[in-house]
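As a plain string of letters, each chain reads:
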Amino acid sequence: MPVQPIVRSDPSGSDSTSPSSIAGPLAALTPHPDASLSVVLDEAILLAALSNGELAVAIHAAGLPPGTAALSTDQIRALAVTGIALLGLAEARRINDESRLVNVAYCTKARDDASADLRAEVTAHHRIWGTWRREQTATDLAYRLSSQQTIAHRLG
């Protein structure tokens, strides 16, 4: 039986996630065989409400395993659910917002002055993501997950 994680509430006071909405495959990268249909649907609803950036933050927070190109959609979904369980929805959104601001500052400075000092932006980026490659990998996985969700929604 999956472990029920404790998820921090949204600071606004609205609990947009509850333990039952993320009680899926938290310990493994494959769905639990006893997972009920309602848990799977709750996970799908939760993940569909996230932007690609928020999904990338959640996937990154769960830890990127080696060989990410071979991950199935279910395994990527499990990473995203695990990341939201670890961070909480509000924190995932906050980190995504911070990352976007850092990227905008970096691009604006680099575009306006080719010799601009970008050390502060690079330091902030590495604090959030670790490396450029980790950000790109998490973003690629988020895109794979969101495009599969879009295809499933159109077919379903």
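Structure: see above.
**Side note on the side chain of Ser99**
On the secondary structure map, Ser99 appears in helix α4 (residues 89-112). If we ignore the near neighbours within four places in the chain, the residues touching Ser99 are Ile128, Trp129 and Glu135.

**Section: helix α5 (residues 119-129)**
Turning to α5, its buried residues are Glu121, Ala124, His125, Ile128 and Trp129. In a view along the axis of α5, the buried residues occupy a sector of 110°, so they form one face of it. Across from the buried face of α5, at angles greater than 90 degrees, the exposed residues are Arg119, Ala120, Thr123 and Arg127. Two residues or fewer past α5, Gly130 is found with a positive phi of approximately 95°.

**Some points on the nonpolar core**
Core analysis: the biggest nonpolar cluster contains 27 residues, and Leu47, Leu55, Ile59 and Ile84 have the highest contact counts within it. Of all elements in the fold, only α1 (37-48), α2 (52-62), α3 (73-87), α4, α5 and α6 (132-155) reach the threshold of two or more residues within this core. Looking at which element gives the most residues to this core, the answer is α3, with 6 residues. Look past the residues within four positions of Leu55 in its chain and what remains in contact with it is Leu47, Leu50, Ala80, Ala142, Leu145 and Ser146.

**Section: the packing of α4 against α5**
Running from amino to carboxyl end, α4 crosses α5 at an angle of 155°, the nearest separation of the two axes being 9 Å. Comparing their axes, α5 and α4 come out roughly antiparallel. Crossing angle aside, the handedness with which α4 passes α5 is left-handed. Every residue of α5 that contacts α4 at Ile95, Glu98, Ser99, Val102, Asn103, Ala105, Tyr106 and Lys109 is listed here: Glu121, Val122, Ala124, His125, Arg127, Ile128 and Trp129. The residue makeup of the contact of α4 with α5, split by class, is 8 nonpolar, 3 polar and 4 charged.

**Concerning the environment of Gly83**
Counting through the fold element by element, Gly83 comes out in helix α3. For the pair Gly83 and Val57, spaced 26 residues apart in sequence, the C-alpha separation works out to 7.6 Å. Non-local contacts of Gly83, meaning those with residues more than four positions away in its chain, are made with Ala58, Ala61, Ala62 and Gly88.

**What about the pattern of salt bridges?**
Within this structure, the stated rule accounts for 8 salt bridges. When the shortest N-O distance is used, the salt bridge between Arg77 and Asp74 registers 2.6 Å. A residue pair is termed a helical-turn pair when its members lie 3 or 4 positions apart in one helix, as Arg77 and Asp74 do in helix α3 at 3 residues. A residue is classified by how much of its surface remains accessible, and Arg77, at 21% relative accessible area, is partly exposed. Using a relative accessible area of 36% as the deciding quantity, one classes Asp74 as partly exposed. One salt-bridge network, in which partners are shared between bridges, spans Glu91, Arg94, Glu98 and Arg127.

Basis of the calculations
Residues numbered from 1 in each chain as written. Predicted model: local features only at pLDDT ≥ 70, side-chain atom pairs only at ≥ 80, totals over all residues. Heavy atoms only, no water. Helix = DSSP H or I, 4+ residues; strand = E, 2+ residues; numbered from the N terminus. Contact = heavy atoms within 4.5 Å. Buried < 20%, exposed > 50% of the residue type's maximum accessible area, 1.4 Å probe, protein only. Arc of directions from axis to C-beta. Core = buried A, V, L, I, M, F, W, Y, C linked by side-chain atoms within 4.5 Å. Axes fitted to C-alpha atoms, helices over the stretch in contact; angles between N-to-C directions. Parallel < 35°, antiparallel > 145°, perpendicular 65-115°, else oblique. Left-handed = near helix turned anticlockwise from the far one by under 90°. Nonpolar A, V, L, I, M, F, W, Y, C, P; charged D, E, K, R; others polar. Salt bridge = Lys/Arg side-chain N within 4 Å of Asp/Glu carboxyl O.

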